[in-house]
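Notes for the structure review
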Amino acid sequence: MHRAATQLELLFDLVFVIAIAAAAHGLGHAISAGHWQDGLIKFLLVFWCVWWPWNLFTWFASSFDNDDVGYRVTVMVLMVGALFIAASTPGFFEGHDLRFMFSGYLIMRFAFASLWLRVAWAKPCYRRTALIYAGGQVLMQVYWAWLVFLVPQNGQYFTELFIVGIAVEMFIPFLGEKAGSTQWHRHHIVERFGLLNIIVLGEVLLGSSEALVHAIHSGFWGQYLLVFTCGAVLAFCMWWLYFSVDGHLASEKLQRVFVWAYGHFLIFAGGAAVGAGLVVAVEQIRAGNGDSRLATITVSMAVSVYVLGLWLVRDQFASKDSRCWIMLLAVPFLLASGWLPHGILVLTLVLGICLVLRLRAHPERVD
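This report concerns the structure included in the present document. Note that the coordinates shown come from a computational prediction; the quantities given were computed from them, not determined experimentally. (Residues numbered from 1 in each chain as written. Predicted model: local features only at pLDDT ≥ 70, side-chain atom pairs only at ≥ 80, totals over all residues. Heavy atoms only, no water.)

Structural notes on the overall build of the protein
- The number of helices and strands found in the protein is 12 helices and zero strands.
- Mapped in sequence order, the helices and strands of the protein form the string α-α-α-α-α-α-α-α-α-α-α-α.
- Here the C-alpha atoms of the protein give a radius of gyration of 21 Å, agreeing with the 21 Å that 2.2 N^0.38 yields for 367 residues.
- Referenced to the eigenvectors of the C-alpha coordinate spread, the extents of the protein come out at roughly 65 × 50 × 35 Å.
- Scored against the burial criterion, the 367 residues of the protein give a buried share of 53%.
- Looking at the protein alone, contacts between residues at least 24 apart form 80% of all its contacts between residues at least 6 apart.
- Of the roughly 16600 Å² of accessible surface on the protein, 69% is carried by carbon and sulfur atoms. (Helix = DSSP H or I, 4+ residues; strand = E, 2+ residues; numbered from the N terminus. Rg over C-alpha atoms; globule rule 2.2 N^0.38 Å. Buried < 20%, exposed > 50% of the residue type's maximum accessible area, 1.4 Å probe, protein only. Contact = heavy atoms within 4.5 Å. Areas by Shrake-Rupley, 256 points an atom, 1.4 Å probe, with all protein chains shown as cover.)

Written out as structure tokens, the structure is:
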């Protein structure tokens, strides 16, 4: 049965545009300031805090969206939590205080747990699954509160404990689905993930437009035009590679579904980081450093992660022909491009070749 995204879900995505933009801006600023390692860790943390509730809500809405007043109000509370995360992101990148960001995350997760409790009350056939989801989320918020407020963030084991928390969070849905699989809509899920990918690619186009703005004000200087052109072509190629003729989520086997859903973190985070890298390139040109090696390395690594994620969630499951290997084999070439002279141009050419080969292996149909 056809199931399209609702207007409320589109409004929900609009909030995440702000949160993703804040994360990408923080990463770009950290790289420009020479703190790329710290910036990368914080970017991944913030992006996970944004993507994970979005991911959980998307699957929930596909199964249990009744669009009543209670549901709409609860989803709007989720949006408030996401806005809180977005607003606290700049301060987090400047320091190490997670408390304000955790407050937004807490708002989202408890609101989401309340949705599952409604399912447990209204649908006895899903009661066990709903209670696992709701109970697991409440228990994890206690864990996060302990970690954020009581464990020193510069302590020896803070990072390890944070990784453990993420692992447990991502294991809860597996337990819930094992207890009783929810009836989600494939078309709806594929559409929702595709829409978020378009939002992420908007960050790439935003970085490209930033270069065009400076090109216009500097008499169309060549380096700005190069960043603009390459950024736009990268965005178009990334879009085409994702929305190729091959269908996403071709199997509904539980393991395959989890690989597809979780693997998209690489796609989304990689896409947003490409935009951050383009902004860094513009800032380096303004500072008189030209197209810096650091900026091109950032963009090449981000594009490589995006392509690797797309291979992970889709192409590795394609029929055993050249489609299985083209994108995987392209990753080391994409990664190496960042270390070459005029790296952003080389990277764009390599990704373009990857797209051409991918289309030749499975030509697009024109109706």
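Focus: the pattern of salt bridges
- The full count for this structure, using the stated rule, is eight salt bridges.
- Asp68 serves as the salt-bridge partner of Arg118, at 2.5 Å between the closest nitrogen and oxygen. Of the two residues, Arg118 is situated in helix H4 (residues 99-122) and Asp68 in the loop between helix H2 (36-64) and helix H3 (69-94); the sequence distance between them amounts to 50 residues.
- On the basis of relative accessible area, Arg118 is assigned to the partly exposed category, the value being 34%.
- The exposure class of Asp68 is partly exposed, given its relative accessible area of 26%.
- Here the salt bridges share partners, and the residues they tie into one network are Glu9, Asp13 and Arg192. (Salt bridge = Lys/Arg side-chain N within 4 Å of Asp/Glu carboxyl O.)

Details of the packing of aromatic side chains
- Overall, the coordinates contain 36 aromatic pairs when judged by the stated rule.
- Relative to Trp52, the ring of Trp51 lies with its centre 5.6 Å away and its plane at 45°, an arrangement referred to as tilted. Taken individually, Trp51 and Trp52 each receive the classification buried, so the pair is uniform in this respect.
- Taken together, a centroid distance of 5.7 Å and an interplanar angle of 50° make the contact between Tyr143 and Trp146 tilted. On the criterion of helical spacing, the pair formed by Tyr143 and Trp146 is a turn pair, its members being three residues apart in helix H5 (residues 127-150).
- We note Lys42 situated over the ring of Phe92; from NZ or CZ to the ring centre the distance is 5.4 Å.
- Positioned above the aromatic ring of Phe317 is the side chain of Arg256, whose terminal nitrogen or guanidinium carbon lies 3.9 Å from the ring centre. (Phe/Tyr/Trp six-rings, centres within 6.5 Å; stacked < 30°, edge-to-face > 60°. Lys NZ or Arg CZ within 6 Å of the ring centre and 35° of its normal.)

Looking at the packing of helix H1 (residues 7-32) against helix H7 (residues 186-217)
- Following both chains from N to C, one finds H1 and H7 inclined at 35°, their axes separated by 10 Å at the closest point. H7 is crossed by H1, and the crossing has right-handed handedness. Along its contact with H1, which presents Glu9, Leu10, Phe12, Asp13, Val17, Ile20, Ala21 and Ala24, the element H7 presents His188, Arg192, Leu195, Leu196, Ile199, Val200 and Glu203.
- Looking at the contact of H1 with H7 residue by residue, the class counts come to 10 nonpolar, one polar and four charged. (Axes fitted to C-alpha atoms, helices over the stretch in contact; angles between N-to-C directions. Left-handed = near helix turned anticlockwise from the far one by under 90°. Nonpolar A, V, L, I, M, F, W, Y, C, P; charged D, E, K, R; others polar.)

Some words on helix H12 (residues 343-361)
- Here H12 is 19 residues long and its end C-alpha atoms lie 27 Å apart, about the 27 Å a rise of 1.5 Å per residue gives.
- Along H12, the residues that are buried comprise Gly343, Ile344, Leu347, Thr348, Val350, Leu351, Gly352, Cys354, Leu355, Arg358 and Leu359.
- Packed against the buried residues of H12 are helix H8 (222-242), helix H9 (254-286), helix H10 (293-313) and helix H11 (326-337). (Expected span 1.5 Å × (residues − 1).)

Notes on H11
- Here H11 is 12 residues long and its end C-alpha atoms lie 17 Å apart, about the 16 Å a rise of 1.5 Å per residue gives.
- Listing the buried residues of H11 in full gives Ile326, Met327, Ala330, Val331, Leu334 and Ser337. In an axial view of H11, the angular spread of the buried residues amounts to 140°, which keeps them on one side of the axis.
- Packing partners of the buried residues in H11 comprise H8, H10 and H12. (Arc of directions from axis to C-beta.)

Looking at a nonpolar patch on the surface
- Side chains of Val69, Val73, Val77, Val80, Phe84, Phe100 and Ile107 sit close together on the surface and give an oily, nonpolar patch of about 600 Å² of accessible area.
- Those elements that place two or more of their residues in the nonpolar patch are H3 and H4.
- If one sorts the elements of the nonpolar patch by residue count, H3 sits on top with five residues.
- The topology assignment puts Val77 in helix H3.
- Accessibility expressed as a relative area gives 33% for Val77, which makes it partly exposed. (Patch = residues over 30% accessible without salt bridge, like charges linked within 9 Å, V, L, I, M, F, W, Y side chains within 5 Å.)

Focus on the side chain of Asn197
- Relative to the elements of secondary structure, Asn197 occurs in helix H7.
- A polar contact of 3.3 Å, which involves the side chain of Asn197, links it to the side chain of Tyr306. (Polar contact = N/O pair within 3.5 Å; in protein donor to acceptor, adjacent residues only side chain to side chain.)

Let's talk about the environment of His248
- Secondary-structure assignment places His248 in the loop between H8 and H9.
- Overall, His248 belongs to the buried group, its relative accessible area being 6%.
- Sequence separation of His248 and Leu340 is 92 residues, and the distance between their C-alpha atoms is 34 Å.
- A distance of 3.3 Å separates the side chain of His248 from the side chain of Trp260, its partner in a polar contact.

Details of unusual backbone geometry
- Backbone geometry places Asp67, a non-glycine residue, at a positive phi of 55°.
- For Asp67, the location among the structural elements is in the loop between H2 and H3.
- Phi at His342 takes a positive value of approximately 55°, unusual for a residue other than glycine.
- You can see His342 is positioned in the loop between H11 and H12.

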